[in-house]
Amino acid sequence: MKKSVSLMVLLVGTLFVSCSSLQTISFDQLQAADISFPDMVRKVAVINNMPVLKTEDGHKVLSAELEGDGKMASETLAECIANVNYFDQVIICDSMFRAQDEVPRANVVFSNEEIRKLSEDLGVDMIFSFDRIHIQTKPGVAFLSDFPLPVEVVEGAISPVIRVYMPQRNKPLFVVAKQDTISWQVDPTLSDQKIIKDASEYVASVSVDYLLPHWNGVTRFYYDGGNVEMRDAAVFLRENNWNEACNLWKAAYEKRKGRSKMRAAFNIALYYEVNDQLEQAREWLENARKLVKAGSTDEQLIAFYSLELGNRVNKLSKLKIQMKRFDDNF
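The structure presented is a predicted model; accordingly, all values stated were derived computationally and were not measured.

Colleague: Help me understand the environment of V235 in this model?
Modeller: If you trace the backbone, V235 turns up in helix α4 (residues 228–238). What makes V235 partly exposed here is its relative accessible area of 41%.

Structure follows, in structure tokens:
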């Protein structure tokens, strides 16, 4: 799993607009999944358990209710899971389990006996079953950044159901049922088929973030001016040389006073967070807090960052459990 870092000029609201030396930095941070799997789960399968429905060809569009494409969704989910490299093997079984239903059934729960047999036949420890994608559409409008007037769109509320099974359990281990919304600009090429295709691929790809540890982009603030050490450190930071930047911030902390000392401590806290040393990060942020002027924007910034660090600390123990199979190498 690769981590990336990028810099940008701060563009925020009135809270920090007066701080010309305040910048932002964005980087990828590994986040915990909603569910933690036993370490013994190494081989998994993704199966298509959705009903088989026919959609008319052509461009008759704006059906109020649609059902997703199980084959497309399960293949997309299997590919996304495999790309994370969390499990040793990912098997796709896109055969249509509901193909023999005389009356199409959605959201069918497998029995424990069925899961045992499937797990044995496929040679896997766990099964992800894509059971339903319900799509509710309605007309709407959207505002595009490069167009002065609102444009007509079709809004789709997408409700997926993915069940996670293990043969040792009588009930599903976990159920993903996170509703999401996407939209399509109305044009002559838009059809029910396109909505089904896009919605099925989209919901399968975003569901992986609930199931497995994943990288999310986060944005943090840092100070880059006020004295020569801070300015030179900012140059190193733009070159992604965090160690040299931190050396200069620590030098500034030792020799400067007041607000300059506070800013250096704040930046050092960021250095330790980026390196996943959260206790040190919180210690340095506390050093910054002791130097801040009451009622200042700096005090508000420190309070905001303290909340962000607290959230990260709360989630880190769960992430460590999920990454134990990699000897905490993340």
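Colleague: Please explain the pattern of salt bridges as it appears in this structure.
Modeller: Side chains that differ in sign of charge can pair as their charged atoms come close. What the rule picks out here adds up to 17 salt bridges. Between R163 and D131 there is a salt bridge; the shortest N-O distance is 2.7 Å. Note that R163 is positioned in strand β7 (residues 151–165) and D131 in strand β6 (residues 126–142), a separation of 32 residues in sequence. Residue R163 shares its accessibility class with D131, and that shared class is buried. Residue R220 pairs with E308 through a salt bridge whose shortest N-O separation is 3.3 Å. Linking R220 in strand β10 (residues 214–223) with E308 in helix α8 (residues 297–322), this pair joins segments that are 88 residues apart in sequence. On the basis of relative accessible area, R220 is assigned to the buried category, the value being 5%. Linked through salt bridges whose partners overlap, the residues forming this network are R220, E273 and E308.

Colleague: Sorry, what's going on with unusual backbone geometry here?
Modeller: Among all residues save glycine, negative phi is the norm, and among peptide bonds the norm is trans. Unlike most non-glycine residues, N85 shows phi in positive territory, near 60°. Take N85: it is sitting in the loop between α1 (70–84) and β5 (89–93). Relative accessible area serves as the criterion here: at 56%, N85 is assigned to the exposed category.

Colleague: What is the right way to read the confidence of the model for the protein from this model?
Modeller: In low-pLDDT segments, the atomic positions of the prediction should not be examined closely. On average, residues of the protein score 87 in pLDDT, and 88% of them are at 70 or above. In this model, residues 1–20 is a region of pLDDT below 50 whose contacts with residues beyond four sequence positions or in other chains number 45 contacts.

Colleague: I'm lost on α8 in this one. Help?
Modeller: Because an α-helix completes one turn every 3.6 residues, residues spaced three or four positions apart along the sequence face the same direction. Along its 26 residues, α8 runs 38 Å from first to last C-alpha, staying within 8% of the 38 Å computed at 1.5 Å per residue. Bending of α8 peaks at approximately 35° at the position of L316. Along α8, the residues classified as buried are D298, L301, I302, Y305, L309, G310, R312, L316, L319 and Q322. Buried residues belonging to α8 abut β2 (22–31), β10, α6 (258–274) and α7 (278–291).

Criteria and cut-off values
Residues numbered from 1 in each chain as written. Predicted model: local features only at pLDDT ≥ 70, side-chain atom pairs only at ≥ 80, totals over all residues. Heavy atoms only, no water. Helix = DSSP H or I, 4+ residues; strand = E, 2+ residues; numbered from the N terminus. Buried < 20%, exposed > 50% of the residue type's maximum accessible area, 1.4 Å probe, protein only. Salt bridge = Lys/Arg side-chain N within 4 Å of Asp/Glu carboxyl O. pLDDT = per-residue confidence, 0-100. Contact = heavy atoms within 4.5 Å. Expected span 1.5 Å × (residues − 1). Bend = angle between axes of the 7 residues up to and from the residue.

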